[in-house]
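Here are the chains, one letter per residue:
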Amino acid sequence: MQFTEIYGHMPSIVICLVHSEKKARKALRSLGMNDELIPNSDASTFYREGDRQFVVFVSRDSLHHDAAEDIGLLAHEATHVAQGYFRSIGEECPSDEFEAYTVQVVTQELCNQHFKWKKKRLADS
């Protein structure tokens, strides 16, 4: 479990991508959040309103997805991260470019982490 800070030309975002419910609960507890929030779904994003720390859960079932399916799922969760992030910085109407850039950098970071995890798991099997 690793929290990664994304920063650049914007206030930072901290993301933790996890692939098990146990690690998701641990990450949520480390942020002082209720760890009963894990639904039975392929992916979910968790955060406290107004906070810029996010836990993204992607189930181990994603080992059986192709790359396009993974990227779509991660882009979906990146959009939820961006939405929470905008609210946390008081940005009610982000410009199209700011919104696109934010989703892009979050998606890239999630993809980097996810495909690194997936490559290791597939090599071990």
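Preceding this paragraph is the structure being described.
Thresholds, definitions, all that
- Residues numbered from 1 in each chain as written.
- Predicted model: local features only at pLDDT ≥ 70, side-chain atom pairs only at ≥ 80, totals over all residues.
- Heavy atoms only, no water.
- Helix = DSSP H or I, 4+ residues; strand = E, 2+ residues; numbered from the N terminus.
- Expected span 1.5 Å × (residues − 1).
- Buried < 20%, exposed > 50% of the residue type's maximum accessible area, 1.4 Å probe, protein only.
- Contact = heavy atoms within 4.5 Å.
- Phe/Tyr/Trp six-rings, centres within 6.5 Å; stacked < 30°, edge-to-face > 60°.
- 1 Å grid on protein atoms, 1.4 Å probe; cavity = no way out; pocket = protein on both sides within 12 Å on 5 of 7 lines; lining within 4 Å.
- Points joined across faces, edges and corners; volume = space filled by probe spheres on them.
- Nonpolar A, V, L, I, M, F, W, Y, C, P; charged D, E, K, R; others polar.

A. Highlighting helix α3 (residues 96-124). Helix length check: α3, at 29 residues, gives a terminal C-alpha distance of 42 Å against a target of 42 Å (1.5 Å per residue), a fit within 8%. Every buried residue of α3 is listed here: F98, T102, V105, V106, T107, E109, L110, C111, Q113, H114, W117 and K118. Elements that come into contact with the buried residues of α3 comprise β1 (3-6), β2 (13-18), β4 (53-58) and α2 (67-88).

B. Representation of the packing of aromatic side chains within the structure. In total, this model carries 3 aromatic pairs according to the counting rule given. Ring geometry for Y85 and F86: centres 5.8 Å apart, planes at 55°, overall tilted. Take Y85: its relative accessible area is 0%, and that puts it in the buried class. Its relative accessible area of 6% is what places F86 among the buried residues.

C. Fine view of the layout of surface pockets. Quantified by volume, the largest pocket comes out at close to 360 Å³. What lines the largest pocket is a set of 15 residues, and nearest its centre among them are M1, Q2, L17, Q113 and W117. Going through the elements one at a time, β2 and α3 are the ones with two or more residues in the lining of the largest pocket. Looking at which element gives the most residues to the lining of the largest pocket, the answer is α3, with 6 residues. Split into classes, the residues belonging to the lining of the largest pocket amount to 4 nonpolar, 5 polar and 6 charged.

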